[in-house]
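So the chains spell out like this:
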Amino acid sequence: MTEEVILSVRNLEKQYPITEGLLRREVGRVRAVDGVSFELHAGEAFGLVGESGCGKSTTALSLLRLEEPTAGEIRFHDEDVLDYSRSELREYRRRVQLVLQDPDSAFNPRLTVGEALEEPLRVHGMVDSTRRQRIVTDALERVGLDGDDRASYPHEFSGGQKQRIALARALVVNPDVILADEPVSALDGRTKADVLELLGDLQTEFDLTVLLISHDVDVVRRFCDRIGVMYLGKLVECGPTQSVLETPHHPYTRALLSSVPSLDAHTPATATGEQTLTDDLPDAADIPSGCRFHPRCRAIIPPEEWESSSETWRRLMELRLYLEDDWSDTEALARALADGGRDWQSGDGEFESRLRTAFALPETLPERVEDAVADAGAALARNDLAGAREQVRAVTATVCEQESPSLTDEYTSHTVACHRYDPEKPGEALDGTRTRQAKEERTDAN
Amino acid sequence: MTDPVLTVDGLRTHLQTENGVVRAVDGLSFTVGGGETVCLVGESGSGKTIACDSITGLVGPPAEISGDVRFGDTELLSASERELRAIRGDSLAYLFQNAQNALDPVYTVGDQIAEAITFHRDVSNEAARERAIDLLQTVGLSRASERVDEYPHELSDGMCQRVAIAIALAAEPDLLIADEPTSALDVMIQARIVDLLAELRSTHDLSLLLVTHDLRVVAALADRIVVLYGGTAVERGPATDVLERPSHPYTQELFRSFAGERGRRNRPRSREGIPVEGCRFHQECPHVVDACKHTRPAFEPVEDRETHHAACVYHGDDYDDSTVMAEVKSTSEFDIDTSTGGERDD
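Please read these numbers as outputs of a predicted model, since none were measured by experiment.

K.L.:
Describe the overall build of chain A, listing the residues and the values that go with them.
P.N.:
Scanning chain A from terminus to terminus reveals 16 helices and 11 strands. In terms of principal-axis extent, the alpha carbons of chain A reach across some 90 × 55 × 55 Å. Expressed as a percentage of its 446 residues, the buried residues of chain A come to 54%. Look at the contacts in chain A between residues 6 or more apart in sequence, and 62% of them connect residues 24 or more apart. Here chain A has roughly 19,300 Å² of accessible surface; of this, 44% comes from carbon and sulfur atoms. Of the charged side chains in chain A, 51 are positive and 83 negative, and the gap between their average positions amounts to 4 Å.

If you want it as structure tokens, here you go:
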């Protein structure tokens, strides 16, 4: 691997307007990709990992301007891709090829494999049909199929074979870069392994640079030199594969990796305590403020003046998230709190004591918190859900909610966007390498 | 072990197609004991889904199904549709891969759970609704009392799968057949569903027949494993034994492929399909001998273990099993090394 940068992406953004009514008035924006920066070095395999909906596929499409980026910069061999003319863009799209997840829908069912593979050659101006056929035959053989398969139709092939043909189609135009979006996710078992291995062989043989997009940690671990972890349109951690997988820094990466079940049959349970607070990805149209992972983060940083245990802090955050759920009214909340417990007592302190029990808050809390929980309970009794939320929010103000962390370059090749790794910010690093003391020393030195 | 909840003996499902008979399931036998989790492991096309569909009577003519399938006191293959309807969704529940498709979009989730209850139990609508809310809580849905009135499209994929599990549990089944229950889900939600299934089988005394190709899910949940290839079992045994000492050449290759080990020929598999004569794996097997080509090998104990069997001649008396067992690797050797060093934030 050389250090030559083939493709560089700076603050890439892709937003989609949400419109309403006849006049298609814009009422919001889905921020699918929200400021992503990375570089592809010549000959490397870079992986983008994340849950569905995190914007990894949109990133790939934006790179090719199949989705026009709304902001940011893409440079290919130091040329501005967003500035390309039509003919330059066509040449760029020859050199950067896309391979998609679903091989079933990637082919026109009415074209033979030969025709499908000749098409890109024709588009890019190769008029000599004998030469086209020679190239296609060669490409098919290189992906482990037979030149005679040219005459067959896509439906005659299995999923794995179709994905091989898709790779062949990407290769016929002799590209520099392959953007592979979940190339093996539709395959399983040995077929998956075979196609992934083939992609690796082709990468070496044709000296390709590969951007591999996958939600599957096992796939990126096997294939990629470096990986970037995406969450809700942003990269939260980026670095050499081994480093990121073996010493994950960001709480999201840690939660993601700890949710991969162990292959050791003696370890039956999967949960290791690094789970997120809630199951679901927030809506990309309504991205949380500050660090976008904070509502799900178990390592959310308490306020500077927090004087109780981190366990209590976490329970208080859970209480806050509970209040901020989509309750239709306080009555629904009361019903949920009452369920399974003793009968609901009419009285001022009822909500407060229910909340304290439900979230196992300790007898004594810091005074401010004590008051806030009592006031929140009183607000709920007045049917004032918004007031209750406000009370709890006031005592749980955290840097994670207020400021958006950026990828630090504290670790030269392994960067992470989390306040806990920022020496200027409160909170301790999770991997033990950066204790608060170390952070303070560093801050003092600056 | 108690009496098996499900006994499958010599199950065959043959499908008539234009190109002749497809032997989708071809002599499959296994049992699921009370409270036990058995995993059918195999690649797409190995017949694992159609085996489950055949067991539950979801495959009808023109498919030809033969063999013995005993569920409790009932012989399922000869049972009438009426008998089957009384069993399915009651003592035997089915969980599908794609919950979004399994749920009806025009009914609230509460109605769908309540339907599963009232179909089999003589209870009032109010009682069924209360039970639906209980079940939603059991499967870990927040705001269950409000969610019960929501429609499937208002829920995320993970929540839909939880609702599907709630429906499956509605009539307190003895056996839950789950076909790739986590494959369509994201990693983190997948982990939650795996945890949920692990918890439910102990709290609800549930036997689980789990169909999956994901070895990580197998390692997390399985008590016993049945490895399928070409519609038939090639290896079976306790999960720890099979994962640590995969003994059939096919199982070994399947596990190795999971780790992406190199060194095999990288060609697409032949288009002629899997041979019906002899061992179904013989064309691809690196250790093939003449005997493999003509007779279907019988299950032989692996290294004299009582419960771990492989259908391979090398584990019989005539051959030396060290040929196939020399370089066996446990799946745990392929694991990600996440030495999540240091302590958490506390």
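The discussion continues.
K.L.:
Can you explain the side chain of Glu180 of chain B? Please cite residues and give values.
P.N.:
Residue and element names in this part refer to chain B. Mapped onto the elements, Glu180 comes out in the loop between strand S7 (175-179) and helix H8 (187-203). At 2.4 Å, the side chain of Glu180 forms a polar contact with the side chain of Ser183. A distance of 3.0 Å separates a polar atom in the side chain of Glu180 from a polar atom in the side chain of His213. Excluding residues within four positions of it along the chain, Glu180 makes contact with Lys48, Gln97, Val211, Thr212 and His213.

K.L.:
Provide a residue-level description of the packing of aromatic side chains, including the pertinent values.
P.N.:
All names here are of chain A. Within the structure shown, the criterion is met by 14 aromatic pairs over all chains. Relative to Tyr92, the ring of Tyr84 lies with its centre 5.6 Å away and its plane at 55 degrees, an arrangement referred to as tilted. Of the residues examined, Tyr92 reaches a relative accessible area of 1% and is grouped as buried. One aromatic cluster in this structure is built from Phe76, Tyr84 and Tyr92. Against the face of Tyr16 rests Lys14, its NZ or CZ located 4.9 Å from the ring centre.

K.L.:
Lay out the state of the cysteines in plain terms, naming residues and giving numbers.
P.N.:
Residues and elements named next belong to chain A. Applying the stated criterion across every chain yields a total of 0 disulfides over all chains. No disulfide involves Cys238; its nearest neighbouring cysteine sulfur is the one of Cys224, lying 11 Å away. Residue Cys238 is classed as buried on the basis of its relative accessible area of 8%. Sulfur of Cys400: no disulfide; nearest cysteine sulfur belongs to Cys291 and is 6.1 Å away.

K.L.:
Could you give me a rundown of helix H4 (residues 129-142) of chain A, with the residues and numbers involved?
P.N.:
Residues and elements named next belong to chain A. The terminal C-alpha atoms of H4 lie 20 Å apart, and with 14 residues this matches the ideal 20 Å at 1.5 Å per residue to within 8%. Taken residue by residue, H4 has Arg132, Val136, Thr137, Ala139 and Leu140 as its buried positions. The arc that holds every buried residue of H4, seen down its axis, measures 165 degrees, which confines them to one face. Residues of H4 that are exposed and point more than 90 degrees away from the buried face comprise Thr130 and Arg134. Buried residues in H4 make contact with helix H3 (113-123) and helix H5 (159-171).

K.L.:
Tell me about the pattern of salt bridges, residues and numbers included.
P.N.:
Scanning the model with the defined rule gives 54 salt bridges over all chains in all. Close ionic contact of Arg216 of chain B with Asp218 of chain A constitutes a salt bridge, the shortest N to O distance being 2.7 Å. Of this pair, Arg216 of chain B sits in helix H9 (residues 215-221) while Asp218 of chain A sits in helix H7 (residues 217-223), each in a different chain. A single burial state applies to Arg216 of chain B and to Asp218 of chain A, both of which are buried.

K.L.:
So what's going on with the sheet that holds strand S2 (residues 25-41) of chain A? Residues and values would help.
P.N.:
All names here are of chain A. Reading across the sheet, the 4 strands line up as S2-S1-S4-S5 and stay open at both edges, with antiparallel pairing between neighbours. Of all strands in the sheet, those bounded by a partner on one side alone are S2 and strand S5 (79-80). Pairing geometry for strand S1 (residues 5-20) and S2, over 13 bridges, is antiparallel. If you follow Leu7 over to S2, its bridge partner there is Leu40. Its contacts with the sheet put helix H1 (residues 56-63) on S1, S2 and strand S4 (71-76), and the angle it makes with S1 is roughly 110 degrees.

K.L.:
Describe helix H5 (residues 125-138) of chain B, listing the residues and the values that go with them.
P.N.:
Residue and element names in this part refer to chain B. Across its 14 residues, H5 extends 20 Å between first and last C-alpha, which sits within 8% of the 20 Å expected from 1.5 Å per residue. Buried within H5 are the following residues: Ala128, Ala132, Ile133, Leu135 and Leu136. Down the axis of H5, the smallest arc covering the buried residues is 160 degrees, so these residues share one side. Buried-residue contacts for H5 involve helix H4 (109-120), helix H6 (144-147) and helix H7 (157-169).

K.L.:
Describe the pairing of S1 of chain A, with residues and values.
P.N.:
Residue and element names in this part refer to chain A. Between the end of S1 and the start of S2, which pair antiparallel, lie 4 residues, with Gly21 showing a positive phi angle near 80 degrees. Here 5 bridges tie S1 to S4, and the two strands are oriented antiparallel to one another. Residue pairing in the sheet places Leu7 in a bridge with Phe76 of S4.

K.L.:
Hey, could you go over the layout of surface pockets for me, with residue numbers and the actual values?
P.N.:
Residues and elements named next belong to chain B. Taken as a whole, the second largest pocket holds about 750 Å³ of empty space. Taken together, 22 residues form the lining of the second largest pocket, with Gly89, Tyr94, Phe96, Ala116 and Ile167 sitting closest to its centre. Of all the elements in the fold, those that place two or more residues in the lining of the second largest pocket are strand S6 (92-95), H4 and H7. Ranked by residue count, the leading element in the lining of the second largest pocket is H4, at 5 residues.

K.L.:
Which residues make up the environment of Tyr252 of chain A, and what values do they have?
P.N.:
All names here are of chain A. In this structure, Tyr252 sits in helix H9 (residues 251-258). A relative accessible area of 0% means that Tyr252 is categorised as buried. Considered as a pair, Tyr252 and Ser152 are 100 residues apart in the sequence and their alpha carbons are 46 Å apart. Within the structure, the side chain of Tyr252 is placed 2.9 Å from the side chain of Glu51, a separation counted as a polar contact.

K.L.:
Could you give me a rundown of the side chain of Thr330 of chain A, with the residues and numbers involved?
P.N.:
Here Thr330 of chain A lies in helix H11 (residues 330-338). Other than its neighbours up to four places away in sequence, Thr330 of chain A contacts Phe351, Leu380, Asn383, Asp384 and Leu385 of chain A.

Conventions we followed
- Residues numbered from 1 in each chain as written.
- Chains lettered and ligands numbered in written order.
- Predicted model: local features only at pLDDT ≥ 70, side-chain atom pairs only at ≥ 80, totals over all residues.
- Heavy atoms only, no water.
- Helix = DSSP H or I, 4+ residues; strand = E, 2+ residues; numbered from the N terminus.
- Buried < 20%, exposed > 50% of the residue type's maximum accessible area, 1.4 Å probe, protein only.
- Contact = heavy atoms within 4.5 Å.
- Areas by Shrake-Rupley, 256 points an atom, 1.4 Å probe, with all protein chains shown as cover.
- Lys, Arg positive; Asp, Glu negative; His and termini not counted.
- Charge placed at Lys NZ, Arg CZ, Asp CG, Glu CD.
- Polar contact = N/O pair within 3.5 Å; in protein donor to acceptor, adjacent residues only side chain to side chain.
- Phe/Tyr/Trp six-rings, centres within 6.5 Å; stacked < 30°, edge-to-face > 60°.
- Lys NZ or Arg CZ within 6 Å of the ring centre and 35° of its normal.
- Disulfide = S-S within 2.5 Å.
- Expected span 1.5 Å × (residues − 1).
- Arc of directions from axis to C-beta.
- Salt bridge = Lys/Arg side-chain N within 4 Å of Asp/Glu carboxyl O.
- Pairing = 2+ DSSP bridges.
- Axes fitted to C-alpha atoms, helices over the stretch in contact; angles between N-to-C directions.
- 1 Å grid on protein atoms, 1.4 Å probe; cavity = no way out; pocket = protein on both sides within 12 Å on 5 of 7 lines; lining within 4 Å.
- Points joined across faces, edges and corners; volume = space filled by probe spheres on them.

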